[in-house]
Amino acid sequence: MLQESVMLFSRSLTRRARLRMATVGGVFTAVFGLLLTTPSAAADASEPAAGPSEVPAAVGTLAEGEAFMGAGTAIHEGRELDARDGGTIDPMDTSGVQGIDVSHWQGSINWTSVRGAGIQFAWMKATEGTSFRDSSFNTNYPASHGAGVIRGAYHFARPDVSNGATQATFFASNGGAWSRDNLTLPGVLDIESNPYGSQCYGLSQTQMRTWINDFYNTYKSRTTRDVVIYTTASWWNTCTGNWSGMSTKAPLWVAHWTTGSPTIPAGFPTWTAWQYTDRGSVSGVSGGVDRNKFNGTRERLLALANNTA
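Residues numbered from 1 in each chain as written. Predicted model: local features only at pLDDT ≥ 70, side-chain atom pairs only at ≥ 80, totals over all residues. Heavy atoms only, no water.

Let us look at helix H7 (residues 164-173). Regarding H7, the residues found buried are Gly 164, Gln 167, Ala 168, Phe 170, Phe 171 and Ala 172. The N-terminus of H7 is capped by Asn 163, whose side-chain oxygen sits 3.3 Å from the backbone nitrogen of Ala 165. In the segment just after H7, Gly 175 is the residue with positive phi, at about 120°. (Buried < 20%, exposed > 50% of the residue type's maximum accessible area, 1.4 Å probe, protein only. Helix = DSSP H or I, 4+ residues; strand = E, 2+ residues; numbered from the N terminus. Polar contact = N/O pair within 3.5 Å; in protein donor to acceptor, adjacent residues only side chain to side chain.)

Put into C-alpha cells, the structure is as follows:
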C-alpha cells in the first residue's frame, strides 16, 4: 500500500520535483534498510545487489532505470537535471517539422493538445538496459497514435550490463517493434554518456563499435528496420573513435542544444532529426520537454515511418 501511495503521489509532481524525490527516496530506502538489517547481515559484503524489481537506490541524481534522453549528456556536462523543467525555451526554433521526446518524467500527457500545438512526431522511452520498462510507455504509445502524432519508441542503452544483441531483443519485444501503419517510426538506440558512471561505460572504442553493430543487426533482424541512432558528436567521437561504420545504415538523431545548426558526429553525412533544446515546453505537457525537428518535409517523415524513403 505504501508503494502504491508513493507512485500516485509521484505522478502528480513535475519532473523537477520527481527527480529530487528519486534522489531523496533512494537515500531514505538505503538508510531505512540499514535500520532493519541485523548487524551480522549488514557486515556481509557478499550480499547480492538489489534486483530490477526492487526499489533502486539513487545513483548520483538518478536511480538505475530512470535515465531519459539527454540525462547522461547533462550529467557529464555538469548541468543540473532539474534545470530541464524551467519554463524557458532556450534556444527556440519552431520552424519545419517539429517533434518531442518523452518518458514517464513528463507525467500525464494530453496528446490531442500536443498535436494541436503543431507537434508532428514523438519518440518515447520504452526500455533501458535488459530489464527496465518505462512506466508510461503503454499509455503514451497508443495515445499519441490516436491523436495523429507519428510516434516511435526508444531504448536507453546500457553497454555496461549486457551485449548489444541482448538489449536489442529486449527492446524489440517491449515496444520497439515496427508496423507500416502510416504513424510508426523505426525504433531509436539512445547511446550517450553514461548517467550512472564512466562516460563510455567501461568499453574500449573497438568494444563499443561491436556493441552498437550487434544492436543494429539484431534490431534489424527482428523488425526489418534500420535503428535510428540518437547521440552527441562529443560522445560518439570519444567513445567510438570517430567511427563511420553506421553512416550508411542508421539515420542520425543528433543532440546539440544550440541555435543555428548542430555539430554532427564524425562519419555521418547529415542529421535526420535534431534535438535542439532540452528545456522546451509544449501545450499538453506539464513542465519541461525536449524539442526536436526533422530534417525534411512531413512527406519525408512519413517516408521514414513507412520505410519508403
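Alright, that's what it looks like, and here's the rest.
The next subject is the pairing of strand E3 (residues 97-102). Across the six residues of E3, six count as buried, placing the element largely inside the fold. Burial along E3 is two-sided: the residues Val 97, Gly 99 and Asp 101 and Gln 98, Ile 100 and Val 102 are all buried. With five bridges joining them, E3 and strand E11 (residues 289-294) adopt antiparallel strand pairing. The partner of Gln 98 across the bridge, within E11, is Lys 293. In the sheet, E3 pairs with strand E4 (residues 119-128) via five bridges, with the strands oriented parallel. Each bridged residue has a counterpart across the sheet, and for Val 102 the counterpart in E4 is Met 124. The parallel pair E3 and E4, bridged by helix H5 (residues 111-116), forms a crossover whose chirality is right-handed. (Pairing = 2+ DSSP bridges. Right-handed = clockwise from strand over helix to strand, strands pointing away.)

Once that is clear, we can look at the pattern of salt bridges. All told, the structure shown has seven salt bridges when counted by the stated rule. Between Asp 226 and Lys 220 there is a salt bridge, with the nearest N and O atoms lying 2.9 Å from each other. For Asp 278, the salt bridge goes to Arg 279, with nearest N and O atoms at 3.9 Å. By relative accessible area, Asp 278 is classed as buried at 1%. The exposure class assigned to Arg 279 is partly exposed, which follows from its relative accessible area of 27%. When salt bridges with common partners are traced through the structure, they connect Glu 64, Lys 125, Glu 128, Arg 158 and Asp 160 into a single cluster. (Salt bridge = Lys/Arg side-chain N within 4 Å of Asp/Glu carboxyl O.)

Let's shift gears to the state of the cysteines. According to the stated counting rule, one finds one disulfide in the structure shown. With a sulfur-sulfur separation of 1.9 Å, Cys 200 is cross-linked through a disulfide to Cys 239. Taking the sign of the S-S torsion, about -75° here, the bridge from Cys 200 to Cys 239 comes out left-handed. Within this pair, whereas Cys 200 is found in the loop between strand E7 (188-190) and helix H8 (205-223), its partner Cys 239 is found in helix H9 (residues 233-240), the two being separated by 39 residues in sequence. For Cys 239, a relative accessible area of 1% translates into the label buried. (Disulfide = S-S within 2.5 Å.)

Looking now at the environment of Ala 143. Its place among the elements puts Ala 143 in helix H6 (residues 137-146). Along the sequence, Ala 143 and Asn 110 sit 33 residues apart, while their C-alpha atoms lie 8.5 Å from each other.

Here the focus is the packing of aromatic side chains. Evaluation of the coordinates by the stated rule reveals 13 aromatic pairs. With a centroid separation of 6.3 Å and 75° between ring planes, the pair formed by Phe 68 and Trp 105 is classed as edge-to-face. Residue Phe 68 is located in the loop between strand E2 (62-63) and helix H4 (71-76), and its partner Trp 105 is located in the loop between E3 and H5; the two are separated by 37 residues in the primary sequence. Their ring planes at 70° and their centres at 5.9 Å tell us that Trp 274 and Tyr 276 sit as a pair that is edge-to-face. For the residue pair Trp 274 and Tyr 276, the accessibility class agrees, reading buried in each case. Taken together, the ring pairs connect Phe 121, Trp 123, Tyr 230 and Trp 253 into an aromatic cluster. Sitting over the face of the ring of Tyr 141, Arg 151 holds its NZ or CZ atom 3.7 Å from the ring centroid. Its guanidinium or amino end placed over the ring of Trp 178, Arg 225 lies 4.8 Å from that ring's centre, counting from NZ or CZ. (Phe/Tyr/Trp six-rings, centres within 6.5 Å; stacked < 30°, edge-to-face > 60°. Lys NZ or Arg CZ within 6 Å of the ring centre and 35° of its normal.)

Comment: phi is negative for the bulk of residues other than glycine, and the bulk of peptide bonds are trans. Phi at Asn 182 takes a positive value of approximately 75°, unusual for a residue other than glycine. The backbone phi angle of Tyr 201 is positive, close to 60°, even though this residue is not glycine. One can find Tyr 201 in the loop between E7 and H8. Under the relative-accessibility criterion, Tyr 201 is labelled buried at 5%.

Quick look at the environment of Leu 62 now. Looking at the secondary structure, you find Leu 62 in strand E2. Separated by ten residues in the primary sequence, Leu 62 and Gly 72 have C-alpha atoms spaced 9.9 Å apart.

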